[in-house]
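# Per-entry structural report
Read off the chains here:
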Amino acid sequence: MQRIVNFFREVGREMRKVSWPKRKELTNYTITVLATVAFFAVFFAVIDLGISNLIRFILE
């Protein structure tokens, strides 16, 4: 039991050492990630649509 308590104490000490991003940085990072994900989702949807149409064209 003491090992578990020591583990969580050490986790708490390490978490205080972490350099957390400021609110503005976090907002910028979040926007960047969401924009990147949206871009790639649209990109791959267009590629998928193009390949699907190409395969349909070939098979007809």
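Residues numbered from 1 in each chain as written. Predicted model: local features only at pLDDT ≥ 70, side-chain atom pairs only at ≥ 80, totals over all residues. Heavy atoms only, no water.

## Things to note about the packing of aromatic side chains
This structure, assessed with the given rule, holds five aromatic pairs. Between F39 and F43, the aromatic rings sit 6.2 Å apart at their centres with planes inclined by 15°, giving stacked as the arrangement. Here F39 and its partner F43 are both found in helix α2 (residues 23-59), four residues apart, which amounts to about one turn of the helix. For F39, a relative accessible area of 52% corresponds to the exposed category. Ring geometry for F40 against F44: centres 6.2 Å apart, planes inclined by 25°, an arrangement best described as stacked. In this pair, F40 and F44 are both assigned in helix α2, four residues apart and thus about one turn of the helix distant. F40 sits in the partly exposed class, given a relative accessible area of 40%. Aromatic rings pair up to connect F39, F40, F43 and F44 into one cluster. (Phe/Tyr/Trp six-rings, centres within 6.5 Å; stacked < 30°, edge-to-face > 60°. Helix = DSSP H or I, 4+ residues; strand = E, 2+ residues; numbered from the N terminus. Buried < 20%, exposed > 50% of the residue type's maximum accessible area, 1.4 Å probe, protein only.)

## Here's the deal with the pattern of salt bridges
Within this structure, the stated rule accounts for two salt bridges. Residues R13 and E10 are paired through a salt bridge, measuring 2.5 Å at the closest nitrogen-oxygen approach. You can see R13 and its partner E10 sitting in helix α1 (residues 2-17), three residues apart, about one turn around the helix. The partly exposed category is assigned to R13, whose relative accessible area is 43%. Given the relative accessible area of 40%, E10 is considered partly exposed. (Salt bridge = Lys/Arg side-chain N within 4 Å of Asp/Glu carboxyl O.)

## Remarks on a nonpolar patch on the surface
Residues F39, F40, F43, F44, I47, I51, L54, I55, F57, I58 and L59 make up a contiguous nonpolar surface patch of about 1200 Å² in total accessible area. Position of L59 relative to the elements: it lies in helix α2. Look at L59 and you get exposed, because its relative accessible area is 71%. (Patch = residues over 30% accessible without salt bridge, like charges linked within 9 Å, V, L, I, M, F, W, Y side chains within 5 Å. Areas by Shrake-Rupley, 256 points an atom, 1.4 Å probe, with all protein chains shown as cover.)

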